[in-house]
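# What the coordinates show
Chain residues, written in single-letter form:
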Amino acid sequence: MTATSVEPFLPPKASHLRYVRERMLSAFTEDEFQDFCFDFFREVYRQFTTGQLHTHRVRLLLEYADTHGQTHTLIEEIRKQRPEKYAKYSRRIRG
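Residues numbered from 1 in each chain as written. Predicted model: local features only at pLDDT ≥ 70, side-chain atom pairs only at ≥ 80, totals over all residues. Heavy atoms only, no water.

Now for the overall build of the protein chain. Helix and strand content of the protein chain: six helices and zero strands. Scanning the protein chain from its N terminus toward the C terminus, one meets helices and strands in the order α-α-α-α-α-α. The buried share of the protein chain, reckoned over its 95 residues, is 41%. (Helix = DSSP H or I, 4+ residues; strand = E, 2+ residues; numbered from the N terminus. Buried < 20%, exposed > 50% of the residue type's maximum accessible area, 1.4 Å probe, protein only.)

As C-alpha cells, this is what we get:
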C-alpha cells in the first residue's frame, strides 16, 4: 500500500460515506462540484437536472461511487483536487 492510499483512513462503510458527503459539500461550491463530476464522473453529471438540489447531486455521486466500487477513486480525486480539505478529512477519520 502506498503513502497516498486511502484504505487505512476509511471507517466502517456505514459511516465513511457520511464523511465523504460532508467533504464534498464543504470542499466544492455548487459550480465546482458540477465541474468535478463533468471531469471525473461524467455518467453522474449526465443525471443532473435543472432545479436539482446540490445535496441531491452529491448523493447521486456517492451512490454511483458506492455501487460501482469507485469510492476509493472518488476519495483519491478529492485528495488531488482539494488537498487541504482532504487533509482535514483524513485527520478526522484517524481521530
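Looking now at the packing of aromatic side chains. Scanning the model with the defined rule gives seven aromatic pairs in all. Taken together, a centroid distance of 5.3 Å and an interplanar angle of 50° make the contact between Phe36 and Phe40 tilted. Placement of both Phe36 and Phe40 in helix α2 (residues 30-40) is noted, with a separation of four residues, approximately one turn of the helix. On the numbers, 6.4 Å between centres and 80° between planes, the contact of Phe41 with Tyr64 is edge-to-face. Of this pair, Phe41 sits in the loop between α2 and α3 (42-45) while Tyr64 sits in helix α4 (residues 54-67); the two residues are 23 residues apart in sequence, bridging distant segments of the chain. Neither Phe41 nor Tyr64 differs from the other in exposure class; each is buried. Aromatic rings pair up to connect Phe28, Phe36, Phe40, Phe41 and Tyr64 into one cluster. (Phe/Tyr/Trp six-rings, centres within 6.5 Å; stacked < 30°, edge-to-face > 60°.)

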